[in-house]
Structures are given as structure tokens and as C-alpha cells.
Amino acid sequence: MSRTRNAVFGTIGVIGEVLITIGVLLFAFLVWQLWWTDVVGNRAQAQIVAELPFEPVPSPTPSGTLAAVPVIAPPRHDDPPVMDEPPHATTFATMQVPRWDGEPARPVSEGTDRAGVLDVLGIGHYKGTAMPGGVGNFAVAGHRTTYAKPFNRIAELKAGDPIVVRTTDNIWYVYRVTSTQIVEPSDIGVIAPVPGKPGETPTERMITLTTCHPMFSARQRYIVHGVLDYWAPTADGIPAELAGGAS
Amino acid sequence: MYGWLWRHLPGPVVVRVLILAVAAAAVLVVCFAWVFPAVAPHMPFNETTVGE
């Protein structure tokens with residue numbers, strides 16, 4: 001065999017090894033993106049929720065031999081208190097959806113940039129939209145895949161499903177899903193004070209969830225709209241929706 | 001490439017395998033901790049917000 005042929009085969013061998021190495025690294029990236037960001041995110045978000053300065057809800061009163069019954073907060077339908085918008089990346093609430101059985105309460109923080117909020121703090125609140133309970137549109141975004149995927153099961157939501165928000169001002173806000181839709185990423189009207197009608201003056205207390213659609217794609221957005229059903233101070237107990245069964 | 005690396009590692013086979021295993025683990029740790037988080041924002045998926 002000539003030196004030239006040796007050199008050619010040697011080069012091909014190196015190129016092959018480089019390609020195999022790139023393949024292994026790409027696979028490692030998938031493992032990191034699809035699994036490891038969930039592991040890290042779930043741990044971090046549980047920690048954030050645990051450290052929120054919530055006042056304790058009334059503890060269940062053991063009644064004789066019967067199982068302890070949680071204290072249910074009476075629904076209030078008067079004008080709810082609405083907190084001021086906090087600084088960027090401040091966690092000010094948690095969100096829990098009983099339909100997503102087994103999912104923990106997720107932190108909700110100010111802002112929707114990925115590096116500062118969505119990738120590290122969970123759910124993000126669109127700046128300038130209403131705060132929980134406010135007249136207008138309390139609009140939030142969250143990952144549907146990866147980074148602990150708080151909105152992973154968004155497609156399971158149906159009209160009437162409760163979405164429970166608990167703020168650091170110690171108020172429960174219970175929203176009900178009214179509609180779901182799939183829109184283009186540029187359709188900013190879905191987070192307008194009156195969804196779909198930018199510029200109109202709101203009269204209702206809405207909530208809007210946005211996430212990616214289809215899963216693992218940035219082609220469209222999955223949107224869930226809801227309206228405030230009732231509110232209650234956390235000192236009065238927990239919403240019936242979180243007590244299990246009732247919804 | 002890997003043949004060259006293998007020939008230039010010192011010690012008996014066991015030691016060479018151990019060195020390579022540690023090196024591979026180190027590469028993975030560096031990727032998980034720094035490289036992948038830096039690359040991820042440039043990937044064309046995972047956008048969840050509406051707007052520009």
C-alpha cells in the first residue's frame with residue numbers, strides 16, 4: 001500500500017470518528033434537554049414554592065375518630081383585592097390545576113423571558129397584563145416540554161375546569177376555563193385585556209395561559225382562556241377545588 | 001484519533017480504560033453544566049410566549 005492510500009484511509013477514519021463523536025454529543029444534548037432540565041427544574045421550582053412567604057391555611061380539625069376534614073374557604077364574589085405588579089423575576093404566586101392530578105403547585109413569577117424566568121422559575125407573567133383577580137387579562141406563559149414543563153398537560157383542560165392561583169398576599173383566586181384555541185406565535189391579541197379584541201376596555205377578570213404547540217415545536221401556540229369564578233383569603237381555608245373530588 | 005489517543009495513554013489496559021472513562025465523564029459534566037445550557041436558547045423549539 002502506498003503512503004498516499006494510507007493517508008487517505010487515515011483521514012477517512014478520523015472523519016468517521018469525529019462524526020460518531022458528534023452523534024454521541026447530540027444524543028447527550030437530547031438527554032439533557034428532555035430529561036435533565038426537568039429533574040433540575042422540578043427540584044428548583046419545588047424549592048421556590050416551599051420558600052414563598054405564605055401564611056399557613058387553617059389546619060384540619062380532627063373530629064373524633066373521623067378522618068380530618070380540611071377547612072373549606074367560603075367563595076367570595078365581591079371585588080377581590082389585587083396586588084401590585086412586582087419587580088422582574090419576582091415569584092408572587094403559585095398555580096395549581098386539579099385536572100392535572102399529581103402535578104405540584106407551580107411558582108408564577110414576573111416576566112416571560114426564558115433565561116430569567118421561564119427556564120428557571122417556572123410560569124411567567126406577561127408584564128403589563130392584569131395581576132390575579134384584576135379586571136383584564138392575567139396572562140401567563142409556561143413550558144409545555146422541558147424545564148419541568150409546568151404546562152405539559154394543557155391539552156387536557158376543558159371548559160369549566162378550575163385553575164387555582166394563590167398569591168403571596170395570601171389570597172386564593174379560582175378561575176374557570178372558558179375556551180381553548182391554537183394561534184400563530186404572533187397573535188398577541190390573546191393576551192389583550194379583552195382576549196382577541198385589543199383596545200377594548202375590559203369588564204371581566206380573565207386568565208390566559210400560553211404555551212408551545214405542537215409539543216417540541218415553536219410553530220404555533222396553545223392558548224387557554226378562563227374567567228374568575230371566586231376568591232377567598234387563605235386564612236379562611238382552602239378552595240373546595242383543592243380538597244379532592246369536587247371541581 | 002481515538003487510536004492515537006489509546007497509543008499515547010500510559011500504563012496497562014486497565015489504567016487506560018479508567019483514564020478514558022474519567023475523561024468521558026468529565027466531558028459530559030462540562031456539557032451538562034455549561035455547553036448545553038448555552039446552546040439551548042438558540043434551538044428552534046421551546047418558545048411558549050406570544051408576541052415578537
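Up top you'll find the structure we're talking about.
Every chain begins its residue count from 1, and numbering advances along the sequence as written. Think of it this way: whatever chain is written first is A, whatever ligand is written first is 1, and the rest follow in order. Predicted model: local features are reported for residues with pLDDT of at least 70 only, side-chain atom pairs are reported and counted for 80 or more only, and whole-chain, interface and lining totals are derived from all residues. To obtain the side-chain values, all non-hydrogen atoms of the structure were used and water was disregarded.

A.B. asks: Honestly, the overall build of chain B in this entry has me stumped. Any pointers?
C.D. replies: In terms of helices and strands, chain B carries 2 helices and 0 strands. The globule rule is 2.2 Å times the number of residues to the power 0.38, and the radius of gyration it is compared with is taken over C-alpha atoms. Its C-alpha atoms give chain B a radius of gyration of 18 Å, clearly above 10 Å, the size a compact globule of 52 residues would have. In terms of its C-alpha atoms, chain B occupies a principal-axis envelope of roughly 60 × 20 × 10 Å. Relative accessibility thresholds used throughout: buried, under 20% of the residue-type maximum; exposed, over 50%; partly exposed, between the two (1.4 Å probe, protein chains only). Counting over 52 residues, chain B shows a buried share of 21%. The Shrake-Rupley method, run with a 1.4 Å probe, gives the accessible areas here. Residue values count only the displayed protein chains as cover. Entry remark: accessible area of chain B is about 3,600 Å², with carbon and sulfur atoms responsible for 79%. Secondary structure elements are taken from DSSP: a helix is a run of H or I of four residues or more, a strand is a run of E of two residues or more, and numbering for both begins at the N terminus.

A.B. asks: Which parts of the structure should I look at to understand the sheet that holds strand S2 (residues 106-110) of chain A?
C.D. replies: Adjacent strands of a sheet form backbone hydrogen bonds with each other and so pair up, either parallel or antiparallel. All names here are of chain A. On the basis of which strands lie adjacent, the closed barrel formed by 8 strands has the order S1-S2-S3-S4-S7-S8-S6-S5 and mixed pairing. Going from strand to strand, the sheet's axes swing by 30 degrees on average, the running direction of each strand aside. Strands are treated as partners if at least two bridges between them are detected by DSSP. Note that strand S4 (residues 136-141) and strand S7 (residues 205-213) share 6 bridges and pair parallel. Bridging from a neighbouring strand, Gly-136 pairs with Arg-205 of S7. Only heavy atoms matter for contacts: two residues are in contact if any of them lie within 4.5 Å across the pair. Convention adopted: a line fitted to C-alpha atoms gives each axis, helices being fitted over their contacting stretch, and angles between N-to-C directions are expressed from 0 to 180 degrees. Contacts from helix H1 (residues 3-51) reach strand S1 (91-96) and S2 within the one sheet, and its direction differs from that of S2 by about 80 degrees.

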